[in-house]
Structures are given as C-alpha cells and as structure tokens.
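Each chain, written out:
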Amino acid sequence: PRAFHGGFSLGPNCGEAVNFALQDWIPHAVDANERYRTFARPSVFSHDRLVYTMAHNIDELRTPEICKSLSQELRRLMQEELLLRQKLIKAGVRDVSKDVDLPPNRLDKLDE
C-alpha cells in the first residue's frame, strides 16, 4: 500500500518477485483495500481471504501483537459483513440463505 514498483524491459524477459510484510501490515492493507474499493479497482489478491488463512494457521503466528491485530481485523470484517447484509436487506434484496443448500465450508481448502 502506498508503494510503487517500476520496471524497464528491452524485450522478452523473465522476472520474479517476492512480496513480504512486517507484523504491522494489516492496518496498511485495510487502507489499500478501501482505496481500491473507492476506485472500483480489483485487488491482486483477496485481503479477506489472506486474513482468514492467517486465522486458520494461527499456530504459526509468532507474536501476540500479530494475533491481536489479526483478531481486530477479523472483528472488523465480521461487523462490515453484517452491516452490508443489513443494507442489502433494507434495499429490498431477499435473504434466501436458508432456502439454498450450499456446500459446507472447507477450511482445509482455504490455502489452495
């Protein structure tokens, strides 16, 4: 977020990149995600899915600060989801979730 990358090529090439983030990345990622929404720009990857994957693999998180930040972001995502669902229902969209048979959530497939 708020970072830039540039490259220059004189013809066919092959490139590789490694992306990483420090433990305080979550607030910056939230800002970037909101900025992308403002411009209706699709994300390169799903912020929500990354957060859920981290939560699913919480045993691998190394510090209490990361766990606390992750917990706060999960709460924020849940509150946002509930608020947006209510807005849809108030706008006249019917909730048919109880009328539709969906496959079960597969947490074991979350990382794939």
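It should be noted that the structure appears before, not after, this text.
Before going into details, it helps to say that this report is about the structure given with it.

The rules behind each value
Residues numbered from 1 in each chain as written. Predicted model: local features only at pLDDT ≥ 70, side-chain atom pairs only at ≥ 80, totals over all residues. Heavy atoms only, no water. Helix = DSSP H or I, 4+ residues; strand = E, 2+ residues; numbered from the N terminus. Buried < 20%, exposed > 50% of the residue type's maximum accessible area, 1.4 Å probe, protein only. Contact = heavy atoms within 4.5 Å. Expected span 1.5 Å × (residues − 1). Axes fitted to C-alpha atoms, helices over the stretch in contact; angles between N-to-C directions. Parallel < 35°, antiparallel > 145°, perpendicular 65-115°, else oblique. Left-handed = near helix turned anticlockwise from the far one by under 90°. Nonpolar A, V, L, I, M, F, W, Y, C, P; charged D, E, K, R; others polar. Core = buried A, V, L, I, M, F, W, Y, C linked by side-chain atoms within 4.5 Å.

Topic: the overall build of the protein
Along the backbone of the protein there are three helices and zero strands. Sorting the 112 residues of the protein into buried and exposed places 16% on the buried side. Partitioning the contacts of the protein with sequence separation of at least 6, the portion at a separation of at least 24 is 61%.

Brief notes about helix α3 (residues 64-90)
If you check α3, its first and last C-alpha atoms are 39 Å apart, about what 27 residues at 1.5 Å a residue would give, namely 39 Å. Buried within α3 are the following residues: Ile66, Ser69, Leu70, Glu73, Leu77 and Glu80. Summarising the contacts, the buried residues of α3 are in contact with α1 (25-38) and α2 (47-56). Phi turns positive, to about 105 degrees, at Gly92, one or two residues after α3.

A look at the environment of Leu77
Along the chain, Leu77 turns up in helix α3. Distance from Leu77 to Val30, taken between C-alpha atoms, is 9.9 Å for residues 47 residues apart in sequence.

Overview of the packing of α2 against α3
Running from N to C, α2 and α3 point in directions that differ by 130 degrees, and their axes come no closer than 10 Å. Taken together, α2 and α3 sit at an angle that is classed as oblique. Read as a crossing pair, α2 and α3 show a hand that is left-handed. On α3, the residues that touch His47, Asp48, Val51, Tyr52, Met54 and Ala55 of α2 are Ile66, Leu70, Glu73, Leu74, Arg76 and Leu77. Here the residues of the contact of α2 with α3 sort into eight nonpolar, one polar and three charged.

With respect to unusual backbone geometry
Its identity is not glycine, yet Ala40 carries a phi of approximately 55 degrees, on the positive side. Examined against the element boundaries, Ala40 turns out to sit in the loop between α1 and α2. Using a relative accessible area of 67% as the deciding quantity, one classes Ala40 as exposed.

With respect to the packing of α1 against α2
Direction vectors running N to C along α1 and α2 enclose 155 degrees, while the axes themselves pass 10 Å from each other. Judged on the interaxial angle alone, α2 and α1 are roughly antiparallel. Facing Trp25, Ala29, Val30 and Asn33 of α1, the residues of α2 in contact are His47, Asp48, Leu50, Val51 and Met54. Looking at the contact of α1 with α2, its residues break down into six nonpolar, two polar and one charged.

As for the side chain of Glu80
Within the secondary structure, Glu80 sits in helix α3. The residues touching Glu80, leaving out its near neighbours within four places in the chain, are Glu34 and Arg37.

So, the nonpolar core
Counting 10 residues, the largest nonpolar core is built from Trp25, Ile26, Ala29, Val30, Val51, Met54, Leu61, Ile66, Leu70 and Leu77. Considering every element that reaches this core, the biggest residue donor is α1, with four residues.

On their own, these measurements won't tell you what the molecule is for.
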